[in-house]
Amino acid sequence: MTEKRKSIHGSWSGRLAFILAATGSAVGLGNIWKFPYIAGENGGGAFVLVYLLCIAVIGIPIMMAEVLLGRRGRQSPINTMRTLAQEAGANPLWRWLGGAGVLAGFLILSYYSVIAGWALAYVYRSAAGTFTGATAEGIASIFRQLTGDPERLLAWHTLFMVMTMIVVARGVRSGIEKAVRFLVPALFVLLIMLDGYALAGGAFDQGLRFLFTPDFSKITANGVLIAMGHAFFTLSLGMGAIMVYGSYLPERTSIAKTSIIISLLDTLVAMLAGMAIFPIVFVNGLEPGAGPGLIFQTLPIAFGHMPGGVLFGTLFFVLLVFAAWTSAISLIEPAVAWLVENRRVSRVYAAVYAGVATWGFGLLTILSFNIWAEFKPLSFISIFKDYTVFDLLDYLTANIMLPLGGLLIAVFSVWIMKRDDSLQELDMGDGPGYRLWYALVRYVTPVAVLIVFLNVTGLLDFVGLFGLAEE
Ligand code: PHE
């Protein structure tokens, strides 16, 4: 048995704190904003089924792998990978897996923060009663006004980045731990209330049917990739966020149990959100494939017409902001931990450096919604023909960087790391549980990820790539 390393950044107070922090990271815009609109764009049921399968077969095992690597390395993902590669006698280049994660976190946060800014703007609008009695068209126009105005978007994005930098600068422990203890349960309660509203408002069964009746003719190879990418995105996998949280995990906590709990909670939030939103979509004759504006154009309709809607609407968007906040912190933490370890700067400076860089990059996303709305840089590739810079950033990170990162994490933890080491770290005995995990991560996960990738690149054959998008 090797002697145990310690993290210089401290550790969680216990198992519950880790579960809450990791759930805080997992539950975010991905569940409430992104899941419904990509399910809507990709035809509903079949997409949801593929997504759920990916969570079970790929997501949970990889989450266990990430936590185990983090807890064993006890450092930022870059240094953890370096140490563990050394320990396993593997190529030192593995540390770049940590580096790629830091980059992915940076790119994701740059647009994540802009969307979180929308949620901030909506807190303000609901509190002011802007939605009261408004029609679907009125609400759509409020949304267009916001996204059409780069200066307003910039202001909200700036505010959100500052909020994120403040928490990260203070250290993760007391701030986040305390916040998520209250916020995660509150979010559940509010979502259930919204489901109640959707249930009473009619078209609930149509919403359920849309979400849960798989029609495989509606899903494409690219849709499957998007579902898989989203499984990584929503569980915060493949870029080191869960790894760095795992590095603060106390010794004796069960990695398998906590990973399963976190994944189930995350999935539950996504389902509750979908069940609240689609009935509202159908009752109001809106388009399920409306894109990134979907929840901002549907939920305010409900708030605008329910008793106490001003209060509930405000609360809902406050919680959405908090859900995004606890995720944003984990997106930037790998970079901050690394700066503290390697550049010998204080957390405050580390947070400012990483935050300012991310903030600046966020301008690309802001412009994608207005001045650059018609700028489609890769329009010569058929599947990207309608993609703005923001869409491309999202696609690159969620559907390519995270699954590739996850694939390499899987490969490292069962092909490179000694079996005895993962056995000891997972601490569940050499029984069926461990063996199932081992087999999934060793064979199923890499093969599944590769198949999905190959399928999509098959679509991007030379004709698709250079032979122009079909009009
Ligand atoms: N899981 C978060 C969400 O669903 C996003 C995220 C991705 C956070 C990757 C950290 C790392 O919103």
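Look up a bit, the structure's there.
Notes on the structure in this doc start here. For every chain, the first residue of the written sequence is number 1, and numbering continues from 1 onward in sequence order. Only residues with pLDDT of 70 or above have their local features reported here, since the model is predicted, and side-chain atom pairs are shown and tallied only from 80 upward, although totals for entire chains, interfaces and linings are computed over all residues. Side-chain numbers come from the whole structure's heavy atoms, not from hydrogens or water.

### A word on the packing of aromatic side chains
Only centres within 6.5 Å qualify two rings of Phe, Tyr or Trp (six-membered ring in Trp) as a pair; their planes then separate them into stacked at under 30 degrees, edge-to-face at over 60, and tilted for everything else. What the rule picks out here adds up to 35 aromatic pairs. A centroid spacing of 6.3 Å and a plane angle of 50° characterise the contact between Tyr 112 and Phe 233, whose relative ring orientation is tilted. With a gap of 121 residues between them, Tyr 112 in helix α5 (residues 95-127) and Phe 233 in helix α10 (residues 221-234) connect regions that are remote in the sequence. Residue class for Tyr 112 comes out buried when judged on its relative accessible area of 3%. For every residue, the accessible area (1.4 Å probe, protein chains only) is compared with the maximum for its type, and the residue is labelled buried under 20%, exposed over 50%, or partly exposed between those bounds. Look at Phe 233 and you get buried, because its relative accessible area is 8%. On the basis of an interplanar angle of 75° and a centroid distance of 5.0 Å, the ring pair of Trp 118 and Phe 369 is categorised as edge-to-face. With Trp 118 in helix α5 and Phe 369 in the loop between α15 (347-368) and α16 (389-416), the pair connects residues that are 251 residues apart, well separated along the chain. In this scheme, the term charge over a ring applies when either NZ of a lysine or CZ of an arginine sits within 6 Å of the ring centre and within 35 degrees of the ring normal. Of note, Lys 34 hangs over the ring of Phe 233, and the distance from its end group to the ring centre comes to 4.2 Å. The residue whose ring lies beneath Arg 419 is Tyr 438, and the NZ or CZ to ring-centre distance is 5.2 Å. Only runs of H or I of at least four residues qualify as helices and only runs of E of at least two qualify as strands under DSSP, and these elements are numbered from the N terminus.

### Quick word on the site of the ligand
In the vicinity of the ligand there are 15 residues, among which Ala 26, Gly 30, Tyr 112, Phe 233 and Ser 236 approach most closely. Counting of polar contacts relies on pairs of N or O atoms within 3.5 Å, with two restrictions inside protein: one atom must be capable of donating a hydrogen and the other of accepting it, and residues adjacent in sequence are counted only when both atoms are side-chain atoms. Asn 31 places a side-chain nitrogen or oxygen 3.3 Å from an oxygen atom of the ligand. At a separation of 2.8 Å, a nitrogen atom of the ligand approaches a polar backbone atom of Phe 233. Here the open area of atoms and residues is found with the Shrake-Rupley method and a 1.4 Å probe, where only the protein chains shown may cover a residue. Calculation on the ligand without its partners gives an accessible area of 320 Å², and the protein chains cover 100% of this total. A cavity here means a set of points on a 1 Å grid, drawn over the protein atoms and nothing else, where a 1.4 Å probe fits but cannot get out; a pocket is an open set with protein on both sides within 12 Å along at least five of seven lines, and a residue lines either one if it has an atom within 4 Å of a point. By definition, a pocket or cavity contains a molecule when more than half of the molecule's atoms lie within 2 Å of the pocket's grid points. Comparing atom positions with the cavity grids shows the ligand to sit within the largest cavity. Those elements that place two or more of their residues in the shell around the ligand are α1 (15-26), α2 (29-41), α10 and α14 (309-342). Looking at the shell around the ligand residue by residue, the classes come out as 7 nonpolar, 8 polar and no charged. Whether a residue is near a molecule or strand depends on its heavy atoms: if one lies within 4 Å, it is near. For this scheme, ten residues count as nonpolar: Ala, Val, Leu, Ile, Met, Phe, Trp, Tyr, Cys and Pro. Four count as charged, namely Asp, Glu, Lys and Arg, and the remainder, Gly too, count as polar.

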